[in-house]
Amino acid sequence: MSDDFRVLIVDDDFHVAKLHAAYVDSVAGFLALAPVGSTVQALQSVHSLRPDLVLLDVYLPDGSGLDLLGQLDVDAMMLTAASDAVSIRTALRRGALAYLLKPFTAESLSQQLRSYARYRRLLGRQHAVDQDTIERAKRALIAGDVAPSGKPRSATEASVLESLAPGEQYSATEVAERVGVSRATAQRYLSSLADDGAVEIQLRYGSTGRPEHRYGVPARLSPK
């Protein structure tokens, strides 16, 4: 079974929804489900497909996405042209994890989705977390504003980070070979570094099979 985050796009404009689905599919670790264009279809799809995340427009033909937001027991972000303060406050009050104004670029949505992935990793498998982890998870949702955890790096984690040459992208297997650890160990440390924003995850598409995850240092950072 795929570990990708499954994303449902709710937008009454078919062409816009299809474009946003392509944006989602271009981000490592995310899979766009078939988009829907109404509140009724959205509720049906949420119940039947159980997406991890819903990307929701405000203006829908059979109701408001803001009203729908209050009915959803699933993570949701608003992708909408509604720029009035009342809509924004209502969305945040009803639990929207982010609010992205149309039109936006593929990179803007990609950054927001990568932020969501960090948030989910931080609040993932652990049964209990400390306050520092909660604050990191909250910060992770703000695209482009990931702060280091402040925890000292282990020798292995530092070695993994130092193995990533600026401007280059590596697979977990390549990192494992460069550092001299198992692939599983390299993968675990790369995920931890991604949580802190020290590493970015991208996709490389081959001729066959699933795209490969590639890891690199963000342009604004350099290994220390």
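What you are looking at is a predicted structure, and each value in this text was computed from that prediction instead of being measured.

K.L.:
How do you make sense of the overall build of the chain when you look at a structure like this?
P.N.:
Looking only at helices and strands, one finds 9 helices and 9 strands in the chain. In the chain, which comprises 224 residues, the share counted as buried stands at 45%. Long-range pairs, those at least 24 residues apart, make up 54% of the contacts in the chain between residues at least 6 apart in sequence. For the chain, the accessible surface area stands at approximately 11800 Å², while carbon and sulfur atoms represent 52% of it.

K.L.:
Explanation requested: the environment of isoleucine 201 in the structure shown.
P.N.:
By the element assignment, isoleucine 201 lies in strand β8 (residues 200-204). For the pair formed by isoleucine 201 and tyrosine 170, sequence separation is 31 residues and the distance between their alpha carbons is 9.5 Å. Residues in contact with isoleucine 201, not counting those within four places in the same chain, are Ala28, Arg114, Arg121, Ala194, His213, Arg214 and Tyr215.

K.L.:
How should the packing of aromatic side chains be read in this particular structure?
P.N.:
Each aromatic ring pair is summarised here by two numbers: the centre-to-centre distance and the angle between the ring planes. Following the criterion strictly, the structure yields 5 aromatic pairs and no others. Between phenylalanine 30 and tyrosine 116 the ring centres are 6.4 Å apart and the planes differ by 50°, which places this aromatic pair in the tilted class. With phenylalanine 30 in strand β2 (residues 30-32) and tyrosine 116 in helix α5 (residues 106-122), this pair connects stretches of sequence that are 86 residues apart. We classify phenylalanine 30 as buried; its relative accessible area is 4%. Given the relative accessible area of 0%, tyrosine 116 is considered buried. These aromatic residues form a ring-pair network of at least three members: Phe5, Phe30, Tyr116 and Tyr119.

K.L.:
What exactly am I supposed to notice about helix α9 (residues 183-195) here?
P.N.:
The periodicity of an α-helix, 3.6 residues per turn, causes residues three or four places apart in sequence to face the same way. For α9, with 13 residues, the first-to-last C-alpha span of 18 Å sits near the 18 Å given by 1.5 Å per residue. All of the buried residues in α9 are Thr185, Ala186, Tyr189, Leu190, Leu193, Ala194 and Asp195. Of the surrounding elements, those touching the buried residues of α9 are α5, α6 (131-140), α7 (155-162), α8 (172-179), β8 and β9 (212-216). Of the residues trailing α9, glycine 197 is marked for its positive phi of about 80°.

K.L.:
How do you make sense of the sheet that holds strand β7 (residues 99-101) when you look at a structure like this?
P.N.:
Neighbouring strands of a sheet are bound in pairs by backbone hydrogen bonds; such pairs are parallel or else antiparallel. The parallel open sheet is built from 5 strands, whose spatial order is β2-β1-β3-β6-β7. For this open sheet the edge positions go to β2 and β7, each flanked by a neighbour on one side alone. Adjacent strand axes in the sheet meet at a mean angle of 25°, parallel and antiparallel pairs treated alike. Across 4 bridges, the pairing between strand β3 (residues 53-56) and strand β6 (residues 75-80) is parallel. Looking across to β6, one finds that leucine 55 is bridged to methionine 77. Lying over the sheet, α5 contacts β1 (5-10), β2, β3, β6 and β7, oriented at roughly 170° with respect to β6.

K.L.:
Explain the pairing of β3 to me, please; I cannot follow it from the model alone.
P.N.:
Every regular strand shows the same layout, with side chains that alternate between the two sheet faces. Taking every second residue as pointing to the same face, both faces of β3 are buried, with Leu53 and Leu55 on one and Val54 and Leu56 on the other. Bridge analysis of β1 against β3 gives 4 bridges, and the strand direction is parallel. In the strand pairing of β3, valine 7 is matched with leucine 53.

Scoring rules and cut-offs
Residues numbered from 1 in each chain as written. Predicted model: local features only at pLDDT ≥ 70, side-chain atom pairs only at ≥ 80, totals over all residues. Heavy atoms only, no water. Helix = DSSP H or I, 4+ residues; strand = E, 2+ residues; numbered from the N terminus. Buried < 20%, exposed > 50% of the residue type's maximum accessible area, 1.4 Å probe, protein only. Contact = heavy atoms within 4.5 Å. Areas by Shrake-Rupley, 256 points an atom, 1.4 Å probe, with all protein chains shown as cover. Phe/Tyr/Trp six-rings, centres within 6.5 Å; stacked < 30°, edge-to-face > 60°. Expected span 1.5 Å × (residues − 1). Pairing = 2+ DSSP bridges. Axes fitted to C-alpha atoms, helices over the stretch in contact; angles between N-to-C directions.

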